[in-house]
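# Survey of secondary and tertiary structure
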Amino acid sequence: MAEQELNRDEISPMPPSVQNGSAELLAWLKRMRQDQPVYRDPVGIYHVFRYKDVQQVTLDPQTFSSDSATVIPGVPAELTSGMLSVTDPPAHAKLRKIAGQAFSPKRIKDLEPRVVEITEQLLADLPAAEFDFVDLFSHPQPALVIAELLGIPREDVPKFRAWDEKLLATQVPDRNNEAEMAAAAEVAMGGGAFGELKAYMLELCGKRRAQAEDDFISALVHAEVDGERLGDNEAANLCIQLLLAGHVSTTAVLGHLLLALDGNPEVAAELRADRELIPAAIEELLRHQPPAPKFARFTTVDTEVAGVAIPAKSVVMVWVLSANHDEQVFTEPDSFDIHRTPNKHVAFGHGIHFCFGSALARIEIRTALEMLFDKFDDIRVAPEAQIEYYESEMFAVKRIPLLAS
Ligand code: HEM
């Protein structure tokens, strides 16, 4: 089928930036769902916007691979081998089994009292005056939890904030800007903040291989699946994936939560009055503002989505944010309605790569909100605050100056 041309006088050919929030992007996505549900942009990337098409793509890993090497030559295999989210079947199932040791429902449930203790400590250490919620709470809470789960020393956790900042600030490069292209190439080849994190994790895996402790990383480097052990490179990559995926998204959601409650005081009051509503409010927040607005897939063969031909070796952007606002599935999708039911959002993905840490994330977010409500009667974003978001693949706020009493 012939590709439809976009009327470029009316609508931007590329997704708008989220640096000042998602309003402009949401309006663009709405137009795209209506006019161009499967769209080839000027760079040649295919974008998939509707809920049912997002499901089709995510449920078919044979056709829509997660491994960029399918399409983008030259990325060294050692950079990603071991990372769950970019591994295809059958290796994917093996990795998921290994990582599953740390994330069984029982282990996650047992971790709940530690999540409470960690949260309690962070709240106790907050200064009385205005503070940055991201620096002092929404980043360290999930970072400390995932570090403890993996067996990363607590004193190393503050280092992750600087690495995360650099990783989140790594923009999709402008092809005409040499400096940006060079920075992106450095990251792609394993340098920059990613390189520092990799060196850190390789060293830690090496230490645990030499002398095992009672933690996940020790179990991982000694585990055998189908008679094979993970090499240090694969183990380090898997740990990096678990570490980053295990706190960056949750940090973003905690930030969105604070802003959503600040902007909707009646919802905050309702949740304070009836804490049973909190889990549904978290699901609605995940639907409304997913921290990963999109992720990529790579076609292995010529295929078709919603009648649009997509050739083999194409990059396909799967728009979670758009699927979560698809009016065919969610009534009044742009309103933030904590009573929405059912709420089958895809903020945690779909299919074999469905988020590994969804249960943990839900526990962390619920615990955080419950305990913030317990400690403070009044939580407000400082009135003069300029809220800025990272210009990155993640939708995450940089800082939230908060007044709480
Ligand atoms: C609210 C917080 C979170 C959100 C919104 C989120 C979202 C997602 C999404 C959309 C995917 C699918 C990506 C794809 O299909 O390509 C995913 C995968 C993944 N998530 Fe999360 N995530 C969150 C928290 C966590 C936590 C706490 C962990 C803890 C370890 C985690 C670990 C992972 C891993 C390892 C994968 C890859 C799974 C696979 O490929 O089999 N995530 N997440």
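Definitions and cut-offs
- Residues numbered from 1 in each chain as written.
- Predicted model: local features only at pLDDT ≥ 70, side-chain atom pairs only at ≥ 80, totals over all residues.
- Heavy atoms only, no water.
- Helix = DSSP H or I, 4+ residues; strand = E, 2+ residues; numbered from the N terminus.
- Rg over C-alpha atoms; globule rule 2.2 N^0.38 Å.
- Buried < 20%, exposed > 50% of the residue type's maximum accessible area, 1.4 Å probe, protein only.
- Contact = heavy atoms within 4.5 Å.
- Areas by Shrake-Rupley, 256 points an atom, 1.4 Å probe, with all protein chains shown as cover.
- 1 Å grid on protein atoms, 1.4 Å probe; cavity = no way out; pocket = protein on both sides within 12 Å on 5 of 7 lines; lining within 4 Å.
- Points joined across faces, edges and corners; volume = space filled by probe spheres on them.
- Nonpolar A, V, L, I, M, F, W, Y, C, P; charged D, E, K, R; others polar.
- Donors = N, O, S within 2.8 Å, 3.2 Å for Na, K, Ca; no water.
- Core = buried A, V, L, I, M, F, W, Y, C linked by side-chain atoms within 4.5 Å.
- Pairing = 2+ DSSP bridges.
- Axes fitted to C-alpha atoms, helices over the stretch in contact; angles between N-to-C directions.
- Near = heavy atom within 4 Å.
- Polar contact = N/O pair within 3.5 Å; in protein donor to acceptor, adjacent residues only side chain to side chain.

This next bit is on the overall build of the chain. Secondary structure assignment for the chain yields 17 helices and twelve strands. Computed over its C-alpha atoms, the radius of gyration of the chain comes to 21 Å, within 12% of the 22 Å expected for a compact globule of 405 residues. Principal-axis analysis of the C-alpha atoms places the extent of the chain at approximately 60 × 55 × 40 Å. Expressed as a percentage of its 405 residues, the buried residues of the chain come to 50%. Taking contacts inside the chain between residues at least 6 apart in sequence as the whole, the part at least 24 apart equals 71%. For the chain, the exposed area adds up to about 18,500 Å²; of that, 53% sits on carbon and sulfur atoms.

Taken as a whole, this structure holds one cavity of 30 Å³ or more when the rule is applied. Taken as a whole, the largest cavity encloses approximately 90 Å³ of empty space. Around the largest cavity sit Val134, His139, Arg161, Asp164, Leu168, Val248, Thr251, Ala252, Tyr390, Ala396 and Val397, which together line it. For the lining of the largest cavity, the elements supplying multiple residues, two or more each, are α8 (157-169) and α13 (248-263). Along the lines of polarity and charge, the residues of the lining of the largest cavity split into seven nonpolar, two polar and two charged.

For a metal bound by four donors in a tetrahedral arrangement, the ideal donor-metal-donor angle is 109.5 degrees, while six donors in an octahedral arrangement ideally sit at 90 or 180 degrees. Within the protein, just one atom coordinates the iron atom of the ligand: Cys355 (SG), at a distance of 2.3 Å. Its place among the elements puts Cys355 in the loop between α16 (320-323) and α17 (358-375).

Okay, the nonpolar core next. Ranked by size, the top nonpolar core spans 110 residues in total, and within it Phe133, Ile152, Met201, Leu271 and Ile400 carry the most contacts. With sequence-adjacent residues up to four places away left out, Ile400 is seen in contact with Phe131, Asp132, Phe133, Val134, Gly255, Leu258, Leu259 and Val381.

Before going further, it helps to examine the sheet that holds strand β3 (residues 64-65). In spatial order, the strands read β1-β2-β10-β7-β3; together these five strands make up an open sheet with mixed pairing. The open sheet has two edge strands with one neighbour each: β1 (38-40) and β3. Its contacts with the sheet place helix α2 (residues 51-58) against β1, β2 (46-48), β3, β7 (294-299) and β10 (315-319), and it is angled at close to 130° to β10.

Moving on to the site of the ligand. Neighbouring the ligand are 25 residues; His92, Arg96, Arg297, His353 and Cys355 lie closest to it. Within the backbone of Leu84, a nitrogen or oxygen atom sits 3.4 Å from an oxygen atom of the ligand. Separating an oxygen atom of the ligand from a backbone N or O atom of Ser85 is a distance of 3.4 Å. Taken together, the elements giving at least two residues each to the shell around the ligand come down to α4 (91-100), α12 (232-245), α13 and β7.

For the rest of this paragraph, the subject is the sheet that holds strand β11 (residues 379-381). Read from one edge of the open sheet, three strands run β4-β12-β11, paired in antiparallel fashion. The sheet is open, and its two edges are formed by β4 (131-132) and β11, each paired on a single side. Relative to strand β12 (residues 401-404), β4 runs antiparallel, the two being bridged by two bridges. Bridging from a neighbouring strand, Phe131 pairs with Leu402 of β12.

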